[in-house]
Amino acid sequence: KALIARFFNSKKVVAGQGMNEGAYGLWTDGSHLYQVVVVPLIFDESAPPEGALIMGAPLNDDVARDLARSHSAAISFFENDRILAASLSTAQQDHLRQLHLSTATKSSVSFLFQLGKITYRGSIQPLIDPASGQPVGALLIQCDMQDTQIANQVLRALLAIMVTGLMLAAVANYLIST
């Protein structure tokens, strides 16, 4: 109802402009998060909309897992102190919920935290409803620090190989030229 009221009470609709346009946003019912679209039902162009078609897609654990897989990071959607959807196991979600409740991890600043035996780098970003501009929750993006450490080790090894190759090329060039 709130999304319909927000749509029909918008300045554009009240002024009779933009009535053929739909609206989209994020909506939560306290335990689920949805991406919602509202499309006005107009049967007479000169009359206001007679109703609205509302379509919503849940942002659930499956969506979080797909996002996590495509971004190589763990994803969790929060509302206040509740996890609405996550790419984590149930045990990891419980641990993360306790961590979230016990620490000041509510800012968008990056931070490190332990989840089981793995150290993660996390960042909490607000989930803003694009239609209203109001926050409806938060998104925690976490990257495994072990992956970062492995990537750094690979880069150091490649650098060492490059430097060794340059030194060998310099020695070979000196030996050939003399």
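Residues numbered from 1 in each chain as written. Predicted model: local features only at pLDDT ≥ 70, side-chain atom pairs only at ≥ 80, totals over all residues. Heavy atoms only, no water.

(A) Just the overall build of the protein, in detail. A count of helices and strands for the protein gives five helices and eight strands. Beginning at the N terminus, the succession of helices and strands in the protein can be written as α-α-β-β-β-α-β-β-α-β-β-β-α. By the burial criterion, 29% of the 178 residues in the protein qualify as buried. Restricting the contact set of the protein to residue pairs at least 6 apart, pairs at least 24 apart contribute 38%. Here the protein displays about 11,500 Å² of accessible surface, and carbon together with sulfur accounts for 61% of that area. (Helix = DSSP H or I, 4+ residues; strand = E, 2+ residues; numbered from the N terminus. Buried < 20%, exposed > 50% of the residue type's maximum accessible area, 1.4 Å probe, protein only. Contact = heavy atoms within 4.5 Å. Areas by Shrake-Rupley, 256 points an atom, 1.4 Å probe, with all protein chains shown as cover.)

(B) Structural context of helix α3 (residues 61-71). N-cap assignment for α3: the residue whose side-chain oxygen lies 3.2 Å from the backbone N of D62 is N60. Just downstream of α3 lies S72, where phi reads positive at about 50°. (Polar contact = N/O pair within 3.5 Å; in protein donor to acceptor, adjacent residues only side chain to side chain.)

(C) Structural view of a nonpolar patch on the surface. Residues Y24, V37, V39, L41, F43, L53 and M55 make up a contiguous nonpolar surface patch of roughly 650 Å² in combined accessible area. With three residues, strand β2 (residues 33-41) is the largest single contributor of residues to the nonpolar patch. (Patch = residues over 30% accessible without salt bridge, like charges linked within 9 Å, V, L, I, M, F, W, Y side chains within 5 Å. Salt bridge = Lys/Arg side-chain N within 4 Å of Asp/Glu carboxyl O.)

(D) Looking closely at the pairing of strand β4 (residues 74-79). A large share of β4 lies buried, amounting to six of its six residues. Going residue by residue along β4, you find A74, S76 and F78 tucked away on one face and I75, F77 and E79 tucked away on the opposite face as well. As paired elements, β4 and strand β5 (residues 82-86) share four bridges and run antiparallel to each other. Bridging across to β5, S76 finds its partner in A86. (Pairing = 2+ DSSP bridges.)

(E) Layout of the confidence of the model for the protein. Across the protein, pLDDT averages 76, with 76% of residues at or above 70. The spread of mean pLDDT over the elements of the protein runs between helix α2 (residues 11-14), the lowest at 46, and α3, the highest at 90. Overall, residues 11-17 carries pLDDT values under 50, and its contacts beyond four positions in sequence, including any with other chains, amount to seven contacts. (pLDDT = per-residue confidence, 0-100.)

(F) Expanded view of the nonpolar core. Grouped together as the largest cluster of nonpolar side chains are 14 residues, with contacts concentrated most on F78, L88, L96, F113, L115 and L140. Of all the secondary-structure elements, those providing two or more residues to this core are β4, β5, α4 (90-102), β6 (111-115), β7 (118-128) and β8 (135-144). Among the elements that make up this core, the one with the highest residue count is β6 (three residues). In terms of nonpolar packing, the next biggest core, distinct from the first, is built from 12 residues, L26, L33, I75 and A85 among them. (Core = buried A, V, L, I, M, F, W, Y, C linked by side-chain atoms within 4.5 Å.)

(G) Focus on the sheet that holds strand β3 (residues 51-58). Across the sheet, which stays open at both edges, the three strands sit in the order β1-β2-β3 with antiparallel pairing between neighbours. Each edge of the sheet is formed by a strand with only one pairing partner; in this case those strands are β1 (23-28) and β3. Each adjacent strand pair in this sheet contributes to an overall mean axis angle of 30°, direction not counted. (Axes fitted to C-alpha atoms, helices over the stretch in contact; angles between N-to-C directions.)

(H) Quick look at the environment of A52. Considering the arrangement of structural elements, one finds A52 in strand β3. Considering only alpha carbons, one finds A52 and G22, 30 residues apart in sequence, at a separation of 9.0 Å.

(I) How the structure looks around the pattern of salt bridges. This model, assessed by the stated rule, comprises four salt bridges. Of the charged contacts in the structure, one is a salt bridge between R69 and D66, with a shortest N-O distance of 2.7 Å. Of this pair, R69 and D66 both sit in helix α3, separated by three residues, roughly a single helical turn. Notably, a salt bridge pairs E79 with R82, separated by 2.8 Å at the nearest N-O pair. Its relative accessible area of 12% is what places E79 among the buried residues. Relative accessible area serves as the criterion here: at 40%, R82 is assigned to the partly exposed category.

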